[in-house]
Amino acid sequence: MLELKGIDAGYAGFQALFGVSMRVDAGEAVAVIGSNGAGKTTLLRVVSGLLAPTAGTMTMQGTDLIATPPHKVIETGIAHVPESRRLFPRLSVEDNLRMGAFIPAARAKFHQRLEYVYALFPRLKERRTQLAGTMSGGEQQMCAIARALMSEPKLVLLDEPSMGLAPVIVSQVFDLVRRIRNDGYTVLIVEQNVRQVLKVVDRAYLLEVGRMKASGRAEELAASDEIRKAYMGL
Ligand SMILES: Nc1ncnc2c1ncn2[C@@H]1O[C@H](COP(=O)(O)OP(=O)(O)OP(=O)(O)O)[C@@H](O)[C@H]1O
Ligand SMILES: [Mg+2]
């Protein structure tokens, strides 16, 4: 579904990704794990068109993403749940969801999609008129994921959904990831919470200072001594 080959990317005078190759097949959940500053957010920003790579190729279901203007990437079926959620705190839950349905195809189906995400996340329906900024961290993450689902995406990009949440809420957030995956979405998630993310994905890649260092089935990586020592504190 999504394929990256030899991607270089960075910021003025600073290269953050070096020859990154990876793929995500339809129906899979794939994680990119790595520590602070490894380039995980940069990678997702490249995939969603927010940052243009300086080398390499990138396709989504055969469409050349590099030739696709940033505002058209969402129409290829990619939805991005950014780091730290970026909700509109002074808008209601429902108005935040409306913002996720701004593309013409989604706008026409707004009510249908709204019913769909409310069925998937009944808590949001109960809180539909509450200001997003007054919800708990876990609820805000739920709202951010639901907003991404409003565009009826095929591939959902999740940037550290567990960040800043209490441990008990973190497991609820990983449950949400499992739920959307079981509902048929393909998922690409970047995480520092290696132990928990490896329980909800099929495969993972390890990114270290901008380079892919390892990849494999989630259970293989979770059993690897190197990864257990460096990333799981075991
Ligand atoms: N706008 C920017 N301008 C310059 N350098 C940046 C910018 N954004 C990120 N970087 C640098 O790029 C590198 C990768 O950052 P990135 O945010 O992709 O890491 P990350 O893996 O998402 O880290 P974290 O887990 O802390 O979110 C870092 O060295 C960072 O300082
Ligand atoms: Mg990041």
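Residues numbered from 1 in each chain as written. Chains lettered and ligands numbered in written order. Predicted model: local features only at pLDDT ≥ 70, side-chain atom pairs only at ≥ 80, totals over all residues.

Caption draft 1: Structural detail: the nonpolar core. Ranked by internal contacts, the top residues of the largest apolar core, which has 70 residues, are A146, V156, L157 and I189. Beyond its immediate sequence surroundings of up to four residues, A146 is in contact with L97, V117, F121 and L124. (Core = buried A, V, L, I, M, F, W, Y, C linked by C-beta atoms within 7 Å. Buried ≥ 20, exposed ≤ 12 C-beta atoms within 10 Å, placed from the backbone. Contact = placed C-beta atoms within 7 Å.)

Caption draft 2: Representation of the site of ligand 1 within the structure. In the region of ligand 1, 13 residues are neighbours, and Y11, N36, K40, T41 and T42 sit closest. When contributions to the shell around ligand 1 are tallied by element, the ones reaching two or more residues are β2 (14-24) and α1 (40-47). (Near = placed C-beta within 6 Å. Helix = DSSP H or I, 4+ residues; strand = E, 2+ residues; numbered from the N terminus.)

Caption draft 3: Structural detail: the environment of M58. As for its position among the elements, M58 is in strand β4 (residues 55-60). Distance in space between the C-alpha atoms of M58 and R113 is 29 Å, their sequence separation being 55 residues. Once residues within four sequence positions are removed from consideration, M58 is found in contact with L4, I7, P53, L65 and I66.

Caption draft 4: Inspection of the sheet that holds strand β1 (residues 2-11) at higher detail. Spatial strand order, β2-β1-β4-β5: 4 strands in an open sheet with antiparallel pairing. In this open sheet, the two strands that pair with only one neighbour each are β2 and β5 (63-64). As judged from the 7 bridges shared by β1 and β2, these two strands associate in the antiparallel manner. Looking at the pairing, Y11 lines up with F14 of β2. Here α1 sits on the sheet in contact with β1 and β2, set at roughly 65° to β2. (Pairing = 2+ DSSP bridges. Axes fitted to C-alpha atoms, helices over the stretch in contact; angles between N-to-C directions.)

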